[in-house]
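Residue-level structural notes
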Amino acid sequence: EAKKEFRRCMVYTPAEYESHPKKRYPVLYLQHGMGEDETGWSTQGYMHYIMDNLIATGKCVPMLVVMDSGKKSPSLTSWRTKSVRFTVLLSMMSF
């Protein structure tokens, strides 16, 4: 709202997310590195596999992970992903 522009982000949701619609989850915000975008943590860092394994072994609580695009003017037409558990949001939301 402050900049009056849309931003892209990827959101990881734990496996239980859809079966517990009223549950409130903690949120971790991850920023990508130089030359990357909001897909870096999932496509290069395999963050979703890491989170799934940490949650399954009880080493972390189920949480949402928001990976924001740090680019000033992202191109919405160039984005692609194979993961079904990520959702593209056109504006950042507060969970």
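Residues numbered from 1 in each chain as written. Predicted model: local features only at pLDDT ≥ 70, side-chain atom pairs only at ≥ 80, totals over all residues. Heavy atoms only, no water.

A word on the nonpolar core. Met-10, Tyr-12, Leu-30, Met-47, Met-51, Cys-60, Met-63, Val-65 and Met-67 together form the largest nonpolar core, which totals nine residues. When sequence neighbours within four positions are dropped, the list of residues in contact with Val-65 reads Met-10, Val-11, Tyr-12, Leu-28, Leu-30, Met-47 and Met-51. (Core = buried A, V, L, I, M, F, W, Y, C linked by side-chain atoms within 4.5 Å. Buried < 20%, exposed > 50% of the residue type's maximum accessible area, 1.4 Å probe, protein only. Contact = heavy atoms within 4.5 Å.)

Inspection of every chain in the model, using the stated rule, returns two aromatic pairs. Judged by centre distance (5.6 Å) and plane angle (50°), the rings of Tyr-17 and Tyr-25 are tilted. Judged by centre distance (5.9 Å) and plane angle (25°), the rings of Tyr-46 and Tyr-49 are stacked. (Phe/Tyr/Trp six-rings, centres within 6.5 Å; stacked < 30°, edge-to-face > 60°.)

This next bit is on the pattern of salt bridges. This model, assessed by the stated rule, comprises one salt bridge. For Glu-16, the salt bridge identified is with Lys-23, shortest N-O distance 2.8 Å. The partly exposed category is assigned to Glu-16, whose relative accessible area is 23%. (Salt bridge = Lys/Arg side-chain N within 4 Å of Asp/Glu carboxyl O.)

Our focus in this paragraph is the pairing of strand β1 (residues 9–12). Along β1, one buried face is formed by Cys-9 and Val-11 and the opposite face, lined by Met-10 and Tyr-12, is buried too. Relative to strand β3 (residues 64–68), β1 is paired through four bridges, and the arrangement is antiparallel. Each residue of the ladder has a partner; that of Cys-9, found in β3, is Asp-68. (Helix = DSSP H or I, 4+ residues; strand = E, 2+ residues; numbered from the N terminus. Pairing = 2+ DSSP bridges.)

The predicted model of the protein has a mean per-residue pLDDT of 75, with 71% of residues at 70 or higher. The spread of mean pLDDT over the elements of the protein runs between strand β4 (residues 86–89), the lowest at 43, and helix α2 (residues 47–56), the highest at 93. Below a pLDDT of 50 lies the segment residues 74–95, which in the model reaches 49 contacts outside its immediate sequence neighbourhood of four places, other chains included. (pLDDT = per-residue confidence, 0-100.)

Regarding α2, the residues found buried are Met-47, His-48 and Met-51. End-on, the buried residues of α2 take up no more than an arc of 95°, which puts them together on one face. Exposed side of α2, more than 90 degrees from the buried face: Asn-53 and Ala-56 are the residues found there. Phi turns positive, to about 75°, at Gly-58, one or two residues after α2. (Arc of directions from axis to C-beta.)

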